[in-house]
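Observations on the three-dimensional arrangement
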Amino acid sequence: MAHFVILGAGECGARAAFALREKGFAGEITLVGAEALHPYERPPLSKAGIADASDPKFIAAAEKYTESGIRLLTGVEARDVDTASKTVTLSDGTTLSYDKLLLATGASARSFPGAPKGSAHIRSLRTYHDAAALRDAMKPGRHIAIIGGGFIGLELAATARLLGAEVTVIEGLERVLKRGVPEEVAHLLTERHRAEGVDIRCGVSIEALIEEGGKAVIRLSAGEVIEADLALVGIGAWPNVEIAESAGLAIENGIAVDTYLQTSAPDVFAAGDCCSFPLPIYGGRRVRLESWRNAQEQGTLAAANMLGLDQAVSAVPWFWSDQYDMTLQISGLAEGAASHHRRDLSADAFILFHLDAEGRLIAASGIGRGNAVARDIRLAEMLIAAGARPDPAALTSSNVKLKSLLAA
Ligand SMILES: Cc1cc2nc3c(=O)[nH]c(=O)nc-3n(C[C@H](O)[C@H](O)[C@H](O)COP(=O)(O)OP(=O)(O)OC[C@H]3O[C@@H](n4cnc5c(N)ncnc54)[C@H](O)[C@@H]3O)c2cc1C
């Protein structure tokens, strides 16, 4: 009987395992996860839900794995992959033989250079375990310093304020969310955080981050010293490529795969946060995405390709972030945009459409309360997928329905 092995029991690995069964695979499936927990959702870990979540939000109930004939190994790490003998060695000493292998090892939070490892006062956020430790520190009277004004840092800033902690955000660049979010959207979010009492400092560089006297101590290059009960380092994530690298697979900002999620080794696939792939709708540009929907979609796609269905990546990237009652949604990739066109949906919701030099819609960034921008971002995504070159005047006019542009 064929044996398919999936390394990494996160969003992508779990989705791939179920998708193999949904697509009729009748062989053996082993899903190997380094964390001691069943696969769970990561997005709630930085959001308001962290406040009262005593359990992670599991992707599926434990019985669902058994019922689907998925052998789930938790708390076990894959240590070595041998693509010649088609075997994987696990941390418990077991060796698994595979017919097809999927690497869905995700990413790890980057640590601050030179900061002490394992400090209770200097932490990062990637796992449920990390989130539980942060929750204990986010209380009235406590001061949380967030290093990095990216999505996770800002979501956590909002959550910490909801829980009553004092929050300082320290960003090295001249504004928050510099990567992937237009200035107008970042400005609106910055103003909201400041109105909620977050002290946001941009263009500030850090000389040292240390632990001293039961506090995190941040020495700024300008001489100021900030003390906090906890410093959360939110400066991005690295793809987990170690086992792929030692197996000799091609690495290029992640495990390099083709449009079928096939790595440089036969019968070995990679998907989700750990891989970089060429995106046909952006001229084959190689990207690595850290997004929930991408992890899900690639899990399903990897399953199809492990079954020989030859399905190429075609999805338009999509990402969301929740901060207070605001939701930001981005579809497409805005890098390289030549012009931006604003459409106001209401007094506090708008979308920016990003066109390239040829007038092609390449991305849309929307922000508003709750679901205010969801429908129009979905339509923008369809326009991007269709390679549309919409009239900028129509994009900005609230009298022209986006749906009509799609029909055109
Ligand atoms: C706090 C937080 C908030 C987020 N919020 C959003 C959001 O609002 N919107 C959004 O679009 N995305 C969000 N994301 C991103 C999204 O959660 C990720 O893109 C998604 O989880 C990626 O799924 P994955 O399966 O590729 O990787 P992961 O979820 O990282 O799972 C990989 C798993 O593989 C395991 N593993 C690694 N190496 C091995 C090994 N050698 N052997 C066995 N197991 C191994 C890891 O322990 C991990 O459990 C958020 C992420 C975080 C951390």
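On to the overall build of the protein. Along its length, the protein carries 10 helices and 26 strands. The C-alpha atoms of the protein give a radius of gyration of 22 Å, which matches the 22 Å a tight globule of 408 residues would have. For the protein, the spread of C-alpha atoms along the three principal axes comes to 65 × 60 × 35 Å. The proportion of buried residues among the 408 residues of the protein is 42%. Within the protein, residue pairs in contact and separated by at least 24 positions form 62% of the contacts whose partners lie at least 6 positions apart.

Before going further, it helps to spend a moment on helix H5 (residues 183-195). Residues separated by three or four positions in an α-helix point in the same direction, a consequence of the helix having 3.6 residues per turn. When the terminal C-alpha atoms of H5 are compared, their 18 Å separation across 13 residues agrees well with the 18 Å that a helix rising 1.5 Å per residue should span. Every buried residue of H5 is accounted for by Val 185, Ala 186, Leu 189, Thr 190 and His 193. Taken down its axis, H5 places every buried residue within 135° of arc, on the same side. For H5, exposure combined with an orientation more than 90 degrees from the buried face picks out Glu 191, Arg 194 and Ala 195. Positive backbone phi, at 100°, marks Gly 197, one or two positions downstream of H5.

Around the ligand there are 37 residues in total, and Gly 8, Gly 10, Cys 12, Gly 106 and Gly 272 lie nearest to it. If you list the elements that add at least two residues to the shell around the ligand, you get helix H1 (11-22), strand S2 (28-33), helix H7 (292-306) and strand S22 (318-323). Looking at the shell around the ligand residue by residue, the class counts come to 18 nonpolar, 11 polar and 8 charged. Two domains each put at least three residues into the shell around the ligand: domain 1 (3-107 + 237-306) and domain 2 (111-233).

Burial within strand S26 (residues 361-369) is extensive, with 8 of its 9 residues counted as buried. Two strands pair when backbone bridges link them, and strand S23 (residues 326-332) and S26 are joined in this way by 7 bridges, in the antiparallel orientation. What sits directly across from Thr 327, in S26, is Gly 368. Note: strand S25 (residues 349-355) against S26, 6 bridges, orientation antiparallel. Bridging from a neighbouring strand, Phe 353 pairs with Ala 364 of S26. In this antiparallel pair of consecutive strands, S25 and S26, the connection spans 5 residues, and Gly 359 shows a positive phi of 85°.

So, how was this worked out
- Residues numbered from 1 in each chain as written.
- Predicted model: local features only at pLDDT ≥ 70, side-chain atom pairs only at ≥ 80, totals over all residues.
- Helix = DSSP H or I, 4+ residues; strand = E, 2+ residues; numbered from the N terminus.
- Rg over C-alpha atoms; globule rule 2.2 N^0.38 Å.
- Buried ≥ 20, exposed ≤ 12 C-beta atoms within 10 Å, placed from the backbone.
- Contact = placed C-beta atoms within 7 Å.
- Expected span 1.5 Å × (residues − 1).
- Arc of directions from axis to C-beta.
- Near = placed C-beta within 6 Å.
- Nonpolar A, V, L, I, M, F, W, Y, C, P; charged D, E, K, R; others polar.
- Domains from an automatic or database assignment.
- Pairing = 2+ DSSP bridges.

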